[in-house]
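Geometric and topological summary
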Amino acid sequence: MAAGPGVQLDEKNQMIYATLKTLHVLSIIVWIGGMVFAHFFLRPAVATLEPPVRLRLMHDVLGRFFQAVLVASLLTLASGVWMLGRVAKEVVQSGGNFTMPLAWTVMAVLGVAMVAIFLHIRFALYKRLGRSVAASEWPAAGAALGQIRTWVSVNLSLGVVVLLVTLLRNAG
């Protein structure tokens, strides 16, 4: 099994690489799929609810989703770093010079940006939403939810770019 450009891993590392790549992909599916669900299906469905009901519901749903995304994003980062490091190590140990392919660089940079955006959403904006919901400050809660929606849209767009880069790289 080739892990990267011109790299052949031993059997043990092949199994680790395949397992981590599976975790990597599954984590991305949870993250991007959840953003699609929340943005295109949940949000429009709850739009007709009164603000207190809608904002409490969105706070509760997003709290559960953000816990899953926290795990998924950290798994994505950790597995990506391990796979990249493993390929680089194998290339260097076989006497080659490792040069990260452009597609991998794009994936890594956008992936780190997505995690940073998610952390801002989770630990700043979601906390703001939670404080506003707890205080029954519905206009402030609505504003916080609007900011979350904006940043989720940015992250979803970046995630789609990463998927396109990955698919186009694998198509050639």
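Everything in this summary refers to the structure shown in the same document. For clarity, every value in this text was computed on a predicted model and none was experimentally measured.

Remarks on helix α1 (residues 11-46)
For α1, which comprises 36 residues, the first-to-last C-alpha distance of 50 Å matches the rise-based estimate of 52 Å (1.5 Å per residue) to within 8%. Residue A38 marks the point of greatest curvature in α1, where the axis turns by about 35°.

Describing the pattern of salt bridges
Going through the model one piece at a time under the given rule, you end up with one salt bridge. Between E90 and R86 there is a salt bridge, with the nearest N and O atoms lying 3.1 Å from each other. Taken together, the positions of E90 and R86, both in helix α2 (residues 51-93) and four residues apart, correspond to about one turn of that helix. Accessibility classification places E90 together with R86 in one group, the buried group.

Comments concerning the nonpolar core
Judged by nonpolar contacts, the single largest core of 30 residues is most densely connected at W31, M35, L62, F66, I121, L129 and I148. Going through the elements one at a time, α1, α2, α3 (102-134) and α4 (138-171) are the ones with two or more residues in this core. Here the element with the most residues in this core is α3; it accounts for ten residues. Residue contacts for I148: discarding those within four places in its chain leaves L62, F66, I121, L125, Y126 and L129.

Structural notes on the packing of aromatic side chains
Counting across every chain of the model gives five aromatic pairs. With a centroid separation of 5.9 Å and 45° between ring planes, the pair formed by F65 and F66 is classed as tilted. Classification of F66 as buried rests on a relative accessible area of 2%. Through a chain of ring-to-ring contacts, three or more aromatic side chains come together here, namely W31, F65, F66, F118 and Y126.

About the criteria used
- Note on numbering: residues in each chain are counted from 1, in written sequence order.
- Only residues with pLDDT of at least 70 are given local features in this predicted model, and only at 80 or more are side-chain atom pairs given and counted; all residues enter the totals for whole chains, interfaces and linings.
- Side-chain numbers come from the whole structure's heavy atoms, not from hydrogens or water.
- A run of DSSP states H or I qualifies as a helix once it reaches four residues; a run of E qualifies as a strand once it reaches two. Both are numbered from the N-terminal end.
- A helix's residues, less one, multiplied by 1.5 Å, set its expected span.
- In this analysis the local bend is the angle between axes fitted, respectively, to the seven residues ending at and the seven residues starting at the residue.
- Within this document, salt bridges are pairs made up of a side-chain nitrogen of Lys or Arg and a carboxyl oxygen of Asp or Glu, the two lying within 4 Å of each other.
- Summary of the burial criterion: residues with accessible area below 20% of their type's maximum are buried, those above 50% are exposed, and those between are partly exposed, where the area comes from a 1.4 Å probe applied to protein chains only.
- Each nonpolar core is a collection of buried residues, namely Ala, Val, Leu, Ile, Met, Phe, Trp, Tyr and Cys, held together in the definition by side-chain atoms within 4.5 Å.
- Note on definitions: a residue-residue contact is assigned when non-hydrogen atoms from the two residues lie within 4.5 Å.
- Here a Phe, Tyr or Trp ring, Trp counted by its six-membered ring, pairs with any other such ring whose centre lies within 6.5 Å, and the pair is stacked when the planes are under 30 degrees apart, edge-to-face when over 60, and tilted otherwise.

In short, shape yes, function no, at least from these values alone.
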